Structure formats: C-alpha cells, structure tokens
Amino acid sequence: MFKFNFSSSDNQDKTEDTIDDTNHKTCPPEADGKEIEISNIYHQNIQQYRDNCSPTTVVRNFHLVDVKHVEELITSESNGEFQSLKAAFQMNSDIIKGIYEGGMKIWECTLDLLDYFEKNSVQFDGLNVLDLGCGSGLLGMYALSKGALSVHFQDYNAEVLSLCTIPNVIFNNPDLKNRAKFFAGDWGPLLHKLDKYDIILTSETIYNPENYGKLIRIFEETLKKSGLIYVAAKHFYFGVGGNLYEFEKLIRQNERWTSSICFCSSEGVKREILKISQSAT
Ligand SMILES: C[S@@+](CC[C@H](N)C(=O)[O-])C[C@H]1O[C@@H](n2cnc3c(N)ncnc32)[C@H](O)[C@@H]1O
C-alpha cells in the first residue's frame, strides 16, 4: 500500500515494495533533466523558514518535513500541480514507472548506508558528493553534516525535490551557503548537467534493469579517478526484475572498475552494499 511514510520502523514492517510496472505514456515535464533552484521562499530567509517550520519526524538525528502536511498540500491543490505525486496517491503505489519513482519514502537501504558510514567512519570532509536518486536526501545530508564541500541531490521528480528534499536539506543545514544543488529528471538526459564527484551515493535505484546502462554511464562520466561509489540495494526486486547480482556483473564487465560487497544484511529481505572504485592501472 502506498504511504508517504517517513518512519523507518513502519517501512521495515512492509514485506514488499509496491511498484507499478505498467508503461504509462505521460512523463513529468522535467523528465528531460533540469536544475531546480532553491525557491525564494526558502532562499530569502532560511533562518525564518527554520524558525517557523517544525518537522515532526526524526530519522537518524535528521529532522524531516511533515509528510502528512505534504500530503494535505497535494490533495487540496486544485490548479493542476503535483500531478506525479497525486497519481502515486491515487494508485496506492510506491513507484509508478516513468511518472513517480519513489522519492517520498525512505527506503531501507538508505538506513543501511547511514549505519555503514557511522560504523566505518567513512570520510566526507572536503569532498564533492552526488546523492543519486536522493528522495528525502538523507545520504547527502549525512555527507553535508560530515563536512562535504558540496552535495548534488538528484531525483526523478521535481515535486519530490521541492516539497521534500530541499526543505529537509535547508532545515538540517542552517549554514548551507552554496554547498547544495538539486537536479530533477531522468538519468539519461541529466548526465550532461552533472559535475565530477569524489563520492557517489545511491540507494534503491537498481530495481529497474532498463536503467542500468544510464546509471553506469553516470558512474563512468562523473566519478573522479580516485572516487568511490556506494550502491545500496536489495538483492532482488521481485516483480520488476532488478537485482544486485546482475548489476554487479555489468560493472565487472568493464576492467576499469573494481567492486566488492562491503555489507550484507543478516535479517529480513536480503540487502547489500556494493562498493565500487576504479581499478589501478
Ligand atoms: C526507490 S527510490 C529511493 C529513494 C532513496 N534513495 C531511498 O533509498 O530512500 C528511487 C530513487 O531513484 C530515482 N530514480 C529512479 N529511476 C530514475 C530515473 N530513470 N532517472 C532518474 N532518477 C530515477 C527516484 O527519483 C528516487 O529518488
């Protein structure tokens, strides 16, 4: 059942993600890729925004927007905005392929990555980071909190960035300055708008095998020579065909990459973290 649910415990209660695999004809207008500016309401007075807004959900010490409020805002909206999220509500689905790609929910593997970073003291200080398929933005916010020089947040849906990611990032980073940028759109066209990164973080983005080529192209074109990629994913995405084994096989086909599994869940749905770097030449 689709829920705009930011509670990690509720997410873990679910046994299956609900993914609508039908080919829908209408893509959101931003699907060809664009940068979403932090809107004036936030930009002009970040401190005022923080004073007036009281996020109600806390996940791993990050304060997140009240998704119930977002839900109300979307459903009461009658001037034709937020079509992708409205569709997700109506269809009771976590993902509607090509329309809404799941960014409003916090997916389990994001929490795996956060735990892994903490346990292994992964360093972000002074680095340029890409949170690829960011949704709520937790991974990028973690990097910012650990001193990342910049974080670029990317989500398929501009609506997710405007209503969820951007408010979250601002709320948790009062001293944001120019350290964050936000990109909406499909990974294909978006490739040319992205920069070069020391670390690419991506969680629960390999459920659709049709997108593997685009993801790997982004890795190839945007990772700095000494960079690292963390891919957190379920072992299998039942019903849609995505699986980490096939994804890793594609990565290994290119001698340029070295990969290893650095985390494997011990309970529930099997989840792993794949760490990728460039092979020494
Ligand atoms: C299942 S959500 C995971 C969100 C978040 N990383 C998490 O773990 O909570 C998948 C993410 O990948 C993005 N995404 C999926 N397919 C995409 C595509 N073809 N192009 C661009 N972004 C895509 C979605 O917008 C969303 O942010």
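Rules of the game
- Residues numbered from 1 in each chain as written.
- Predicted model: local features only at pLDDT ≥ 70, side-chain atom pairs only at ≥ 80, totals over all residues.
- Heavy atoms only, no water.
- UniProt positions renumbered as here; feature names shortened; annotations may be inferred.
- Helix = DSSP H or I, 4+ residues; strand = E, 2+ residues; numbered from the N terminus.
- Buried < 20%, exposed > 50% of the residue type's maximum accessible area, 1.4 Å probe, protein only.
- Contact = heavy atoms within 4.5 Å.
- Areas by Shrake-Rupley, 256 points an atom, 1.4 Å probe, with all protein chains shown as cover.
- Near = heavy atom within 4 Å.
- Polar contact = N/O pair within 3.5 Å; in protein donor to acceptor, adjacent residues only side chain to side chain.
- Nonpolar A, V, L, I, M, F, W, Y, C, P; charged D, E, K, R; others polar.
- pLDDT = per-residue confidence, 0-100.
- Pairing = 2+ DSSP bridges.
- Right-handed = clockwise from strand over helix to strand, strands pointing away.
- Salt bridge = Lys/Arg side-chain N within 4 Å of Asp/Glu carboxyl O.
- Core = buried A, V, L, I, M, F, W, Y, C linked by side-chain atoms within 4.5 Å.
- Phe/Tyr/Trp six-rings, centres within 6.5 Å; stacked < 30°, edge-to-face > 60°.
- Lys NZ or Arg CZ within 6 Å of the ring centre and 35° of its normal.
- Expected span 1.5 Å × (residues − 1).
- Bend = angle between axes of the 7 residues up to and from the residue.

The name an unreviewed UniProt entry assigns to the protein chain is protein-histidine N-methyltransferase, from the organism Daphnia pulex. Checking UniProt for the protein chain, the heading Sequence similarities (unreviewed entry) contains the comment "Belongs to the methyltransferase superfamily. METTL18 family."

Caption draft 1: Structural context of the overall build of the protein chain. When its secondary structure is counted, the protein chain shows 11 helices and 12 strands. Per-residue burial for the protein chain yields a buried fraction of 56% across its 281 residues. For the protein chain, restricting intrachain contacts to residue pairs at least 6 apart in sequence, the fraction spanning at least 24 positions comes to 71%. As displayed, the protein chain has an accessible area near 13,000 Å², and 47% of this comes from carbon and sulfur atoms.

Caption draft 2: Highlighting the site of the ligand. Surveying the vicinity of the ligand reveals 20 residues, the closest of which are Thr 110, Gly 133, Asp 155, Tyr 156 and Ser 203. Separating an oxygen atom of the ligand from a backbone N or O atom of Lys 105 is a distance of 3.5 Å. One nitrogen or oxygen atom from the side chain of Asp 186 is found 2.9 Å from a nitrogen atom belonging to the ligand. Compared with its free state, where it exposes 590 Å², the ligand has 99% of that area covered by protein. Per-class residue counts for the shell around the ligand are 6 nonpolar, 9 polar and 5 charged.

Caption draft 3: Summary view of the confidence of the model for the protein chain. Of all residues in the protein chain, 86% attain a pLDDT of 70 or more, and the chain-wide mean is 85. This model gives residues 1-14 a pLDDT under 50, and the stretch forms 41 contacts once residues within four places in sequence are excluded.

Caption draft 4: The arrangement of the side chain of Lys 86 in detail. Of note, Lys 86 is situated in helix 5 (residues 83-91). For Lys 86, a relative accessible area of 15% puts it in the buried group. Residues in contact with Lys 86, not counting those within four places in the same chain, are Ile 74, Glu 77 and Glu 81.

Caption draft 5: Local environment of the pairing of strand 9 (residues 197-203). Counting buried positions along strand 9 yields 7 of 7 residues, so the element is predominantly enclosed. Judged from the 3 bridges that link them, strand 6 (residues 128-132) and strand 9 form a sheet pairing that is parallel. Residue pairing for strand 9: Val 129 is matched across the bridge by Ile 199. Two elements, strand 9 and strand 10 (residues 223-234), share 6 bridges in a ladder whose sense is parallel. Bridge pairing links Thr 202 to Val 231 in strand 10. For the segment spanning strand 9, helix 10 (residues 212-222) and strand 10, crossover handedness is right-handed.

Caption draft 6: Main features of the pattern of salt bridges. If you walk through the whole model with that rule in mind, you get 14 salt bridges. A salt bridge links Arg 271 to Glu 108, with the nearest nitrogen and oxygen atoms 3.7 Å apart. Here Arg 271, found in strand 12 (residues 271-278), pairs with Glu 108, found in helix 6 (residues 108-119); they are 163 residues apart in sequence, far enough to count as distant. Neither residue differs from the other here; Arg 271 and Glu 108 are each classed as buried. Among the ionic pairs, Glu 118 bridges to Lys 146, the shortest N-O distance being 3.7 Å.

Caption draft 7: Broad picture of the nonpolar core. The biggest cluster of nonpolar side chains holds 39 residues, and the ones touching the most others in it are Phe 117, Phe 124, Phe 182 and Tyr 230. Looking at this core, the elements with two or more residues in it are strand 4 (62-64), helix 6, helix 7 (138-145), strand 7 (150-155), helix 8 (158-172), strand 8 (180-184), strand 9 and strand 10. Of all hydrophobic cores here, the second largest spans 30 residues; its members include Tyr 212, Leu 215, Ile 218 and Leu 223.

Caption draft 8: Just the packing of aromatic side chains, in detail. On inspection of all chains with the given rule, the structure shows 11 aromatic pairs. Arranged with centres 5.4 Å apart and planes meeting at 80°, the rings of Phe 117 and Tyr 230 form a pair that is edge-to-face. Of the two residues, Phe 117 is situated in helix 6 and Tyr 230 in strand 10; the sequence distance between them amounts to 113 residues. As far as the burial class goes, Phe 117 and Tyr 230 line up, both buried. Among the aromatic residues, those joined into a ring-pair cluster are Tyr 116, Phe 117, Phe 124, Tyr 142 and Tyr 230. The ring of Trp 107 has Lys 105 lying over it, and the distance from NZ or CZ to the ring centre is 3.8 Å.

Caption draft 9: Here's a closer look at helix 8. Here helix 8 is 15 residues long and its end C-alpha atoms lie 20 Å apart, about the 21 Å a rise of 1.5 Å per residue gives. Thr 165 marks where helix 8 bends most, by close to 35°; the proline Pro 167 follows one to four residues later. Most of helix 8 sits out of view: 14 of its 15 residues are buried.

Caption draft 10: Just the environment of Glu 210, in detail. Mapped onto the elements of the fold, Glu 210 is located in the loop between strand 9 and helix 10. Here Glu 210 falls in the exposed class, since its relative accessible area comes to 59%. Only 3.4 Å separates the side chain of Glu 210 from the side chain of Lys 97, close enough to count as a polar contact.

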